[in-house]
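Chain residues, written in single-letter form:
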2 protein chains.
Amino acid sequence: MKVKELATAAGVNPDTVRFYTREGLLNPTRNPENNYQHYDTEDLRRLRFARKARQLGFSLPEVRQILDQADDHHSPCPMVRDVFQQRLEGVEQEIEELQQLRKRMKSALAAWQDMPDGTPDGQTICRLIEHWDDNSPAKQVEE
Amino acid sequence: MKVKELATAAGVNPDTVRFYTREGLLNPTRNPENNYQHYDTEDLRRLRFARKARQLGFSLPEVRQILDQADDHHSPCPMVRDVFQQRLEGVEQEIEELQQLRKRMKSALAAWQDMPDGTPDGQTICRLIEHWDDNSPAKQVEE
DNA sequence: CTTTGACCTGTGAGTAGGTCACAGGTTTTA
DNA sequence: TAAAACCTGTGACCTACTCACAGGTCAAAG
């Protein structure tokens, strides 16, 4: 397979194939006649695997690590279980934080219902934001 | 105030102060004797405002836009309400997507309970991931 | 046989929002 | 007077791609 064929087969951008190749996740051979890359079904498997892993939240270095372990005929699965568990916790924390943010945003919106717009007066830029309580207290300081 | 003083006052990295200055969000004056930047309380207000706005999900260009409007003595608040509403929707969508991901991850974990690790055999890299159903069907192709 | 279009190549830049490193100048403290 | 702590600007780095560019290759159409 050539670049675009592999890309199409895996449903990704051809540039992603080239990028992954540069990054060492794919190991194509080269046609010496025209200098083209040649990918086989193993590469397709690796690419599909990489995409799935990315969707699951693995970083590219993590994906490469898994692939490398597989190349050395070590089972990467225990590591996968491990990193996966961590990623799940990361995702849950992200959700938590976003829900906090959402809550604060909604109460800010509610509080803004009754606030006038007001023109900047040199003391305040936009009351809507300045009076938003982010419960991260800033320190006070004088010039 | 000098860079580090302002940074400390606002609870940010000094490099962030320099970065925001380069980006035109802060307008310090210069001491011609030593070429140092001098920030006043107005800059501190702007910096704090910028940080709050960033926490609310405004992008730096948006923050700059608000600040510029305030400099021109136009009330930026209607724009703020508008962008804020959009950000809220964005946040809610992010939450939605993360919850979807979390759901898929949890069911994957459950399915993995009973799967053996297995050593890579050339056909499969890590069953855990390859057998994960991401409901994004890939096309089939032969070499 | 030539042209056209689709593909290939590598390299480099761009994305967002900072953070860090570097080399050299200044100020403050001991 | 010397070290520590600060200042300056510039440029690289981070993620995970994506896009642009300039030039080479190839298959089909004319």
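Residues numbered from 1 in each chain as written. Chains lettered and ligands numbered in written order. Predicted model: local features only at pLDDT ≥ 70, side-chain atom pairs only at ≥ 80, totals over all residues. Heavy atoms only, no water.

In the annotation of an unreviewed UniProt entry, chain A is listed under the name MerR family transcriptional regulator and assigned to Marinobacter adhaerens.

Here we look at the protein's contact with DNA strand D
As a structural note, the neighbourhood of DNA strand D is formed by 21 residues, with Thr-16, Arg-51 and Arg-54 of chain A together with Arg-30 and Gln-37 of chain B the closest of them. Put simply, 82% of the atoms of DNA strand D that lie within 4 Å of the protein are in sugar or phosphate. Within the backbone of Lys-4 of chain B, a nitrogen or oxygen atom sits 2.9 Å from a phosphate oxygen of DNA strand D. Elements with a minimum of two residues in the surface near DNA strand D: α2 (14–22), α3 (41–55) and α4 (60–71) of chain A together with α1 (3–10), α2 (14–22) and β2 (36–38) of chain B. It is α2 of chain A that contributes the most residues to the surface near DNA strand D, four residues altogether. Each residue belonging to the surface near DNA strand D can be placed in one class, and the counts come to seven nonpolar, six polar and eight charged. (Near = heavy atom within 4 Å. Polar contact = N/O pair within 3.5 Å; in protein donor to acceptor, adjacent residues only side chain to side chain. Helix = DSSP H or I, 4+ residues; strand = E, 2+ residues; numbered from the N terminus. Nonpolar A, V, L, I, M, F, W, Y, C, P; charged D, E, K, R; others polar.)

Structural notes on the packing of aromatic side chains
Residue and element names in this part refer to chain A. Evaluation of the coordinates by the stated rule reveals three aromatic pairs over all chains. Between Phe-19 and Tyr-20, the ring centres sit 6.0 Å apart and the planes meet at 50°, which makes this aromatic pair tilted. Assessed through its relative accessible area of 32%, Phe-19 is described here as partly exposed. We classify Tyr-20 as buried; its relative accessible area is 3%. (Phe/Tyr/Trp six-rings, centres within 6.5 Å; stacked < 30°, edge-to-face > 60°. Buried < 20%, exposed > 50% of the residue type's maximum accessible area, 1.4 Å probe, protein only.)

Topic: the protein's contact with DNA strand C
Around DNA strand C there are 21 residues in total, and Arg-30 and Gln-37 of chain A together with Thr-16, Arg-51 and Arg-54 of chain B lie nearest to it. Sugar and phosphate atoms constitute 83% of the interface atoms of DNA strand C, taking the interface as everything within 4 Å of the protein. Interatomic distance of 2.3 Å between a side-chain N/O atom of Thr-16 of chain B and a phosphate oxygen of DNA strand C. Arg-51 of chain B is positioned with one of its side-chain polar atoms (N or O) 2.5 Å from a phosphate oxygen of DNA strand C. Only α1 (3–10), α2 and β2 (36–38) of chain A together with α2, α3 (41–55) and α4 (60–71) of chain B provide two or more residues apiece to the surface near DNA strand C.

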